[in-house]
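A look at the structure
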Amino acid sequence: MKNRNLQIRDDGGLRHLLSISGLTNELLTRILDTAESFAGVTEQTVKKVPLLRGKTIVNLFFEASTRTRTTFELAAKRLSADVLNINITQSSTIKGESLLDTLRNLEAMHVDMFVIRHADSGAAHFIASNVEPHISVINAGDGRHSHPTQAMLDMFTIRRIKGPDFGRLRVAIVGDIMHSRVARSQIHALNLLNTGDVRIVAPKTLIPAHCEALGVHVFHDLQEGIRDADVIIMLRLQRERMLGALLPSEHEYYELFGVTEEKLAVAKPDVTIMHPGPINRGVEMDSEVADGSRSVILEQVTHGIAVRMAVMSMAIRHREETPE
Ligand code: CP
């Protein structure tokens, strides 16, 4: 598997985190367990542990982000690392400096980890292939390809609410699957955790070809797709990644695929409602659902801190235990 050697050390520990694909069930479970131990830290009066004191983590975000960038920053600070947030719009990349030259200059400052978000699929893999051996790379979202920490925090959220047995769960992912790195990562993670029934629900134009090969059941009718669902994950229409008019209108999408309390009647009564954000009210769901008692959308954000603490501490700490 392409990422396996880059992501995982010979002894099974985490080296880089580039995608869910290539991880093992054991390693994903270990990351979720570690995140569980960090969840309490965020509730303490002093929200810090000294695990990464003296380490330097660089946030390199070439694309917009609210949740991912800030929770990576908070997670690094709660681990006592020094954090650099590179403002790309004010960096020398706008003067034509290449990505590799930017990296080389940051490496010269003796950093320990890059957290990268980039519009190009494969950007994090490219960087991991080119950094010095002591530096870890964490993918914070690359193009349509992968957003592994988002999927991990989603799995963490599901596990906390529904328990560790994913085999008895029916999970429906509703929305723009075609352009979604989050959907790809969630599908891989749900499969890795042996989820009983993984469904994707969307218009034909927003579902990639041959996606049944990913081990999902495909639905083009919302009511059929969410019937008896234990968890419904909604996804945003990614207009910025759509090359043509794939939908007649947002209004029509909402009529057919927007989730309302009324349409939720076919799901399990205790269905959990999730969304990675940003949400578009009145497009993928209405406010009654987004803010309702079954919604855990803001809990997902909170869990992002513990999950990112786990990933960063495992990648960096592991390097100290096994010097290269
Ligand atoms: N879910 C997510 O990746 O949100 P941001 O784009 O705000 O980071």
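This is a predicted model, so every value here is computed, not measured. (Residues numbered from 1 in each chain as written. Predicted model: local features only at pLDDT ≥ 70, side-chain atom pairs only at ≥ 80, totals over all residues. Heavy atoms only, no water.)

As for the site of the ligand
For clarity, the threshold we go by: For this description, a residue counts as near a given molecule or strand if any of its non-hydrogen atoms is within 4 Å of it. Definition of a polar contact: a pair of N or O atoms within 3.5 Å, with one able to donate and the other able to accept a hydrogen when the atoms are protein atoms, and with sequence-neighbouring residues admitted only if both atoms are side-chain atoms. For the accessible areas, the method is Shrake-Rupley and the probe is 1.4 Å, while residue cover comes only from the protein chains on display. Residues were grouped as follows: Ala, Val, Leu, Ile, Met, Phe, Trp, Tyr, Cys and Pro as nonpolar; Asp, Glu, Lys and Arg as charged; and all remaining residues, including Gly, as polar. What fixes the domain bounds is an automatic or database domain assignment.
The ligand sits among Ser65, Thr66, Arg67, Thr68, Arg117, His147, Gln150, Pro276 and Gly277. Here an oxygen atom of the ligand and a side-chain polar atom of Ser65 are 2.6 Å apart. One nitrogen or oxygen atom from the main chain of Thr66 is found 2.7 Å from an oxygen atom belonging to the ligand. For the ligand, whose free accessible area comes to 250 Å², the fraction covered by protein is 91%. Residues of the shell around the ligand, tallied by class, amount to one nonpolar, six polar and two charged. Both domains that meet at the shell around the ligand, namely domain 1 (25-146 + 302-321) and domain 2 (148-295), each give it at least three residues.

Describing the domain arrangement of the protein
Rule in force here: Whether two residues are in contact is decided by their heavy atoms, any of which lying within 4.5 Å being enough. When two parts are brought into contact, each loses some accessible area as probed by a 1.4 Å sphere; the total of that loss over both is the buried area. The salt bridge criterion pairs a side-chain nitrogen of Lys or Arg with a carboxyl oxygen of Asp or Glu, the two atoms within 4 Å. In this text, helices come from DSSP runs of H or I with a minimum length of four residues, and strands from runs of E with a minimum of two, each type numbered from the N-terminal end.
For the protein, the assigned domains are domain 1 (25-146 + 302-321) and domain 2 (148-295). Between domain 1 and domain 2, the C-alpha centre-to-centre distance is 27 Å. Contact with domain 1, which involves 28 residues of that partner, is made by 24 residues of domain 2. Counting each side, the surface lost to burial between domain 1 and domain 2 is near 2,300 Å², with a carbon and sulfur contribution of 57%. Our count for the domain 1 to domain 2 interface comes out at three salt bridges. Notably, a salt bridge pairs Arg159 with Asp33, separated by 2.9 Å at the nearest N-O pair. At the junction of domain 1 and domain 2, the tally comes to nine residue pairs in polar contact (both at pLDDT 80 or more). Going through the elements one at a time, helix H2 (25-39), helix H3 (67-78), strand E3 (113-118), strand E4 (136-142) and helix H11 (297-321) are the ones with two or more residues in the side of domain 1 that touches domain 2. Top contributing element to the side of domain 1 that touches domain 2 by residue count: H2, with nine residues.

Regarding the sheet that holds strand E2 (residues 82-86)
The condition that has to hold: One bridge is not enough; two strands pair if DSSP finds at least two bridges between them. Axis definition: a line fitted to C-alpha atoms, limited for helices to the stretch in contact. Angles are taken between N-to-C directions and run from 0 to 180 degrees.
Strand order in the open sheet made by the four strands is E2-E1-E3-E4, with parallel pairing throughout. The strands lining the two open edges of the sheet, one partner per strand, are E2 and E4. Neighbour-to-neighbour, the strand axes of the sheet open up by a mean angle of 15°, direction not taken into account. Here helix H4 (residues 99-107) sits on the sheet in contact with strand E1 (56-61), E2 and E3, set at roughly 155° to E3. Lying over the sheet, helix H5 (residues 123-130) contacts E3 and E4, oriented at roughly 165° with respect to E4.

Re the side chain of Asp176
Counted only if it meets this: Here the term buried applies to any residue with accessible area under 20% of the maximum for its type, exposed to any over 50%, and partly exposed to those in between, with areas from a 1.4 Å probe on protein chains only.
For Asp176, the location among the structural elements is in the loop between strand E5 (170-174) and helix H7 (181-192). The class of Asp176 is buried, set by a relative accessible area of 0%. A polar contact is formed between the side chain of Asp176 and the backbone nitrogen of Met178, at a distance of 3.5 Å. Of note is the side chain of Asp176, whose polar atom sits 2.9 Å from the side chain of His179.

A few points about the environment of Phe62
Tracing the backbone shows Phe62 in the loop between E1 and H3. Accessibility expressed as a relative area gives 24% for Phe62, which makes it partly exposed. Sequence separation between Phe62 and Arg117 is 55 residues, and the spatial gap between their C-alpha atoms is 5.8 Å. Filtering out sequence-adjacent residues up to four positions away, Phe62 remains in contact with Ile88, Thr93, Leu99, Ile116, Arg117 and His118.

Digging into the packing of aromatic side chains
The condition that has to hold: The pairing test for Phe, Tyr and Trp rings, Trp by its six-membered ring, is centres within 6.5 Å, and the orientation test on the planes gives stacked under 30 degrees, edge-to-face over 60, and tilted for anything in between. The criterion is that NZ of a Lys, or CZ of an Arg, lies within 6 Å of the ring centre and within 35 degrees of the ring normal, and then a charge sits over that ring.
What the rule picks out here adds up to one aromatic pair. With a centroid separation of 5.6 Å and an interplanar angle of 20°, the aromatic rings of Tyr253 and Phe257 are classed as stacked. Pair noted here: Tyr253 and Phe257 are both in helix H9 (residues 250-257), with a separation of four residues, about one helical turn. By relative accessible area, Tyr253 is classed as buried at 2%. Judged by its relative accessible area of 5%, Phe257 falls in the buried class. A cation over a ring is seen here: Lys263 above Tyr254, with NZ or CZ 5.9 Å from the ring centre.

Some thoughts on the packing of H2 against helix H6 (residues 148-162)
So the rule is basically this: The scheme is simple: roughly parallel for angles under 35 degrees, roughly antiparallel for over 145, roughly perpendicular for 65 to 115, oblique for anything else.
It is the contact of H2 with H6, at a shortest axis distance of 10 Å, that shows an interaxial angle of 70°. Between H2 and H6, the interaxial angle falls into the category roughly perpendicular. Facing H2, whose interface residues are Leu28, Thr29, Ile31, Leu32, Asp33, Ala35, Glu36 and Ala39, H6 presents Met152, Met155, Phe156, Arg159 and Arg160. Counted by class, the contact of H2 with H6 contains eight nonpolar, one polar and four charged residues.

Overview of the sheet that holds E5
Spatially, the five strands line up as an open sheet ordered E7-E6-E5-E8-E9, and their pairing is parallel. Because the sheet does not close on itself, it has two edges, and the strands there are strand E7 (217-219) and strand E9 (272-274). Here the average twist between neighbouring strands, direction ignored, is 20°. Sheet topology note: the strand E6 (residues 197-201)/E7 ladder contains three bridges and is parallel. Residue pairing in the sheet places Ile200 in a bridge with Val218 of E7. This element, H6, spans strand E8 (231-234) and E9 of the sheet and lies at about 165° to E9.

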